[in-house]
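Take a look at the letters that make up each chain.
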Amino acid sequence: MRTAVLRRVFVHHCRLSRYSVGLQFRSYTMNPADAAKKAAAYAAVDNHVKDNQKLGIGSGSTIVFAVERLAQRVKNENLNVVCVPTSFQARQLIIDNQLVLSDLEITPKLDVAIDGADEVDSDLTCIKGGGGCQTQEKIVAAAADYFVVIADDRKDSKILGEKWKKGIPIEVIPLAYKSVLGKLKVLGGVAELRMAKNKAGPVITDNGNVIIDWKFDKVPDSWAETNTTLTMIPGVVETGLFINMANKVYFGMADGSVSVR
C-alpha cells in the first residue's frame, strides 16, 4: 500500500517537473522579431537615457521593450525621469511600470523621445502610424531635443515603400474622410479608410479621428513636398511621414546585435 502511494506521488512529481520545465522554456524563448526589437530598444535606452531627464515615450510593440529597460534602469540606478506618453498604450505602459507620468501641458520641453517606426529610409525619413498614433507621436517627438527611433532590421529600407506596403497613414477628421479620399485619388495610388478588426466600422484614433492609408504608386522626388501637399488637404490632421525629425535610428537583429544610423 505504502509503495503504491509513493509511486503515485513520484509520478505526479515528474509530471509537475515536466510542466514546470515546459513553462520555463516557453517563458525564455523569444521569436526572432521580438529579439531584434528588444536589442534595439535596450541599446537606445542604455545610450540615451540619463538621470533627471524628461522623456517622450512612443507607441507600438518595440516600445514595450524600451519601457521595460527604462523601468529596470530606474529601479537599479535610482534614476529620476519623467515620462510623457504618445498614446493610451504608452500611458498604460508608463503606469504599469511605475514610472513618473506627465504630459506636454506640464512638461512641454523634453530631452529625448524614443519611438518605433514602420519603415526608415537612408535619409532617416520614417513612416509611422501603423498603430494609428502618428499625430501624438509627431507632437511629442517635435517637443524633444533629440529623437531616437528603434526598430527591428525588417524596417530598414533604402527607399520608403521598399518593405512597408501598407501606405502612409493619414489622420483625418471623420467629416472630411470622403472628400480626402477623393483628393488622394487625384494624387495617384490607392487610398483606403482603415477599418477596425474587432469592431464594426473604422479605426478611431486617440483623438477621435479616422485613418486613411495612402498607398503611393511611385516614390516622389521630395517627401517634404509630398507631406506638405497632404497636410494642405482640408480635413487632414497629420500624416505618418516623419521628415528631418529622427536624429538616430537603432536597428536590432535577431542575434541580439544592433546597427546604428
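Here the structure is a predicted model, which is why all the values come from computation and not from measurement.

Another aspect to go through is unusual backbone geometry. If you check the backbone angles, Leu-124 has positive phi at about 70 degrees while not being a glycine. Tracing the backbone shows Leu-124 in the loop between strand S5 (119–120) and strand S6 (126–127). Overall, the relative accessible area of 13% leaves Leu-124 in the buried class. We note that Asn-244 has phi near 55 degrees; this positive angle belongs to a residue other than glycine. Mapping Asn-244 onto the fold places it in the loop between strand S12 (241–242) and strand S13 (248–252).

For the rest of this paragraph, the subject is the environment of Ala-71. The residue Ala-71 is located in helix H3 (residues 61–77) in this model. Distance in space between the C-alpha atoms of Ala-71 and Ile-94 is 8.7 Å, their sequence separation being 23 residues.

Attention now moves to the sheet that holds strand S10 (residues 210–215). An order of S9-S10-S8-S11 is seen for the four strands of this open sheet, with the pairing classed as antiparallel. In this open sheet, the two strands that pair with only one neighbour each are strand S9 (190–193) and strand S11 (236–239). Neighbour to neighbour, the strand axes of the sheet diverge by 25 degrees on average, direction disregarded. The pairing of strand S8 (residues 168–172) with S10 spans five bridges and is antiparallel. In the sheet register, Ile-170 faces S10, and the bridge partner there is Ile-212. The strands that helix H5 (residues 134–142) touches are S8, S10 and S11; relative to S11, the one it contacts most, it runs at about 65 degrees. Sitting on the sheet, helix H6 (residues 177–187) touches S8, S9, S10 and S11, and the angle it makes with S10 is about 10 degrees.

Glancing now at the sheet that holds S12. Taken in spatial order, the three strands line up as S5-S6-S12 in an open sheet, and their pairing is antiparallel. At either margin of the open sheet sits one strand with a lone partner, and together these are S5 and S12.

Take the confidence of the model for the protein next. Looking at the protein as a whole, the pLDDT averages 91, with 89% of positions reaching at least 70. Under a pLDDT of 50 for its full length, residues 9–27 has, in the predicted model, zero contacts with residues more than four places off or in other chains.

Quick look at the pattern of salt bridges now. Under the counting rule described, the total for this entry stands at 11 salt bridges. Taking the shortest distance from any N to any O, the salt bridge between Asp-46 and Arg-69 comes out at 2.8 Å. Within this pair, whereas Asp-46 is found in helix H2 (residues 32–48), its partner Arg-69 is found in helix H3, the two being separated by 23 residues in sequence. The class of Asp-46 is partly exposed, set by a relative accessible area of 35%. For Arg-69, a relative accessible area of 18% corresponds to the buried category. For Glu-77, the salt bridge identified is with Arg-73, shortest N-O distance 2.9 Å. On the criterion of helical spacing, the pair formed by Glu-77 and Arg-73 is a turn pair, its members being four residues apart in helix H3. Arg-73 sits in the buried class, given a relative accessible area of 8%. Sharing partners across several salt bridges, the network here consists of Asp-115, Lys-128 and Glu-137.

Rules behind the numbers
Residues numbered from 1 in each chain as written. Predicted model: local features only at pLDDT ≥ 70, side-chain atom pairs only at ≥ 80, totals over all residues. Heavy atoms only, no water. Helix = DSSP H or I, 4+ residues; strand = E, 2+ residues; numbered from the N terminus. Buried < 20%, exposed > 50% of the residue type's maximum accessible area, 1.4 Å probe, protein only. Pairing = 2+ DSSP bridges. Axes fitted to C-alpha atoms, helices over the stretch in contact; angles between N-to-C directions. Contact = heavy atoms within 4.5 Å. pLDDT = per-residue confidence, 0-100. Salt bridge = Lys/Arg side-chain N within 4 Å of Asp/Glu carboxyl O.

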